[in-house]
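# Coordinate analysis (summary)
Each chain is listed here by its residues.
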Amino acid sequence: MKNVNWETQRQAVQLTNLDATISKYCAVSKGYYSDPYIHLFVSTKEKRQPLINRGTHARVQAVQRLVERFLQFTTPYGKRQIINLGSGFDTLVFRLREKEFLGQDDVFVELDFPEITRTKRQIIQQHPSLHSLLGTTSFQKVHDGLSCGIYSLIGVNLEQIERVSYLLEKVCQLSPDSPTLVISECVFTYMEPQNADQIIQYFSSTFSFISFILFELTFPTDPFGRQMVKNIEQRGCSLASLSAYPTLKAQKERFIQYGYPKVDIMSMYSFYEDVLDSEEKQRIERLELLDELEEWRLLMQHYFLLYCLKVNNNTLKDSEVNCLWDSFRFISKHRKVEEESSS
Ligand SMILES: C[S@@+](CC[C@H](N)C(=O)[O-])C[C@H]1O[C@@H](n2cnc3c(N)ncnc32)[C@H](O)[C@@H]1O
């Protein structure tokens, strides 16, 4: 009985990838942002409400901008390594290659359940336009996925930390000293908190120059949060990590405790209101009418973005790390205004 429940839950969690991919496809089709590759990963006529399209735009913008900043400020430090946990059908690697943020010496690894990586492998193999972006004509089949010079797609249960570390260190041969960025977008929520904690800790203790981007749900105990949890649990997903770290403060302390001295966290409402540039906001607000402003605010307050940095002091001087951190961080309009008025 326990196994049946576990299998059903695992399938429900995997279905969240489909949901995320359809949301991205719908936002792109409505003109919220550009992603020339997402249509290759969906076959749907579904539509999403303006609220969801706008939220998807903010989420993709926030993560992509942070990744691009990381790649910019680490340019002087040689090969960079990006690991996308629970990557689903995300197309970030292709978008970064198209914009030439990711070079031929860098490495991009995607991990997800084997059921997801096998399907993603099939789609990638079917589309030569994706091969040329990855700079290859041939792939090796590896661990329910595929691999070429700069890109590896691997099937694994992220709750098995020893297997994850084996795959990253021995199969992908990641270097512990190269600047490394981990992305986890809506993944830890579905994992047991102690297993997600082990991942956070594994990266900070294994890599000397490490950054983490986390995008998740939060505040499960207020009325909106309770309804949100109920809706997700009705789809068969358990949200164990959400109750273990239910606030922004708890999430920030979690990353500090597991080895990252520099951590910023903001709700997606703050990102939208204080960080996203006004011209971009005006552009997307003209795309579709959104009447439910209170629901929009509540929804965006229940998602957050965390990013952090740890660089060992035998790798870089503190002053250099502070400089890198400043070029990584988002500056909110309010902080900018404060700085402007004091200068
Ligand atoms: C909501 S989707 C997000 C996909 C992608 N990160 C994005 O933002 O579009 C969650 C993904 O995490 C994966 N996932 C969740 N728990 C996992 C685990 N224990 N091991 C491997 N993948 C997992 C799911 O299969 C799914 O693809």
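The rules we used
Residues numbered from 1 in each chain as written. Predicted model: local features only at pLDDT ≥ 70, side-chain atom pairs only at ≥ 80, totals over all residues. UniProt positions renumbered as here; feature names shortened; annotations may be inferred. Helix = DSSP H or I, 4+ residues; strand = E, 2+ residues; numbered from the N terminus. Rg over C-alpha atoms; globule rule 2.2 N^0.38 Å. Buried ≥ 20, exposed ≤ 12 C-beta atoms within 10 Å, placed from the backbone. Contact = placed C-beta atoms within 7 Å. Near = placed C-beta within 6 Å. Nonpolar A, V, L, I, M, F, W, Y, C, P; charged D, E, K, R; others polar. Core = buried A, V, L, I, M, F, W, Y, C linked by C-beta atoms within 7 Å.

The name given to the protein chain in an unreviewed UniProt entry is Leucine carboxyl methyltransferase 1, with Galdieria yellowstonensis as the source organism. We quote the UniProt Sequence similarities (unreviewed entry) comment for the protein chain here in full: "Belongs to the methyltransferase superfamily. LCMT family."

### Examining the overall build of the protein chain
When you go through the protein chain residue by residue, the secondary structure sums to 15 helices and nine strands. A compact globule built from 343 residues would reach a C-alpha radius of gyration of about 20 Å, and the protein chain, at 20 Å, matches this within 12%. With respect to the principal axes defined by its C-alpha atoms, the protein chain has extents near 55 × 50 × 40 Å. The burial tally for the protein chain puts 39% of its 343 residues in the buried class. Once local pairs closer than 6 in sequence are excluded, the contacts in the protein chain between residues at least 24 apart make up 77%.

### Looking at the environment of Ala62
With respect to the secondary-structure elements, Ala62 resides in helix α2 (residues 50-73). C-beta crowding within 10 Å serves as the criterion here: with 23 such atoms nearby, Ala62 is assigned to the buried category. Separated by 198 residues in sequence, Ala62 and Tyr260 have C-alpha atoms that sit 20 Å apart. Non-local contacts of Ala62, meaning those with residues more than four positions away in its chain, are made with Phe271 and Leu305.

### Overview of the environment of Arg297
With respect to the secondary-structure elements, Arg297 resides in helix α13 (residues 293-301). Given 15 C-beta atoms within 10 Å, Arg297 falls into the partly exposed group. C-alpha separation for the pair Arg297 and Glu273, spaced 24 residues apart in sequence, amounts to 10.0 Å.

### What about the site of the ligand?
Residues in close proximity to the ligand total 20 residues, the closest being Asn17, Gly86, Gly88, Leu158 and Glu185. Broken down by element, the residue count for the shell around the ligand peaks at five residues, all from helix α1 (residues 2-29). Taken together, the residues of the shell around the ligand break down into nine nonpolar, seven polar and four charged.

### Quick notes on the nonpolar core
With 85 residues, the main nonpolar core has Val67, Phe212 and Ile213 as its most contacted residues. In contact with Phe212, not counting residues within four places along its chain, are Val182, Ile200, Phe203, Phe255, Tyr260, Tyr307 and Cys308.

### Let's talk about the UniProt feature "binding site: S-adenosyl-L-methionine" (unreviewed entry) in the protein chain
In the numbering used here, UniProt assigns the "binding site: S-adenosyl-L-methionine" (unreviewed entry) feature to Arg59, Gly86, Asn157, Leu158 and Glu185. With the annotated positions falling across 127 residues, the maximum pairwise C-alpha distance of 24.4 Å shows that they are not confined to a single cluster. Among the secondary structure elements, Gly86 is positioned in the loop between β1 (81-85) and α3 (92-98). We classify Gly86 as buried; it has 25 C-beta atoms within 10 Å. Excluding residues that lie within four positions of it along the chain, Gly86 makes contacts with Asp112, Leu158, Ser184 and Val187. In this fold, Glu185 is placed in strand β6 (residues 180-185). Residue contacts for Glu185: discarding those within four places in its chain leaves Val63 and Phe215.

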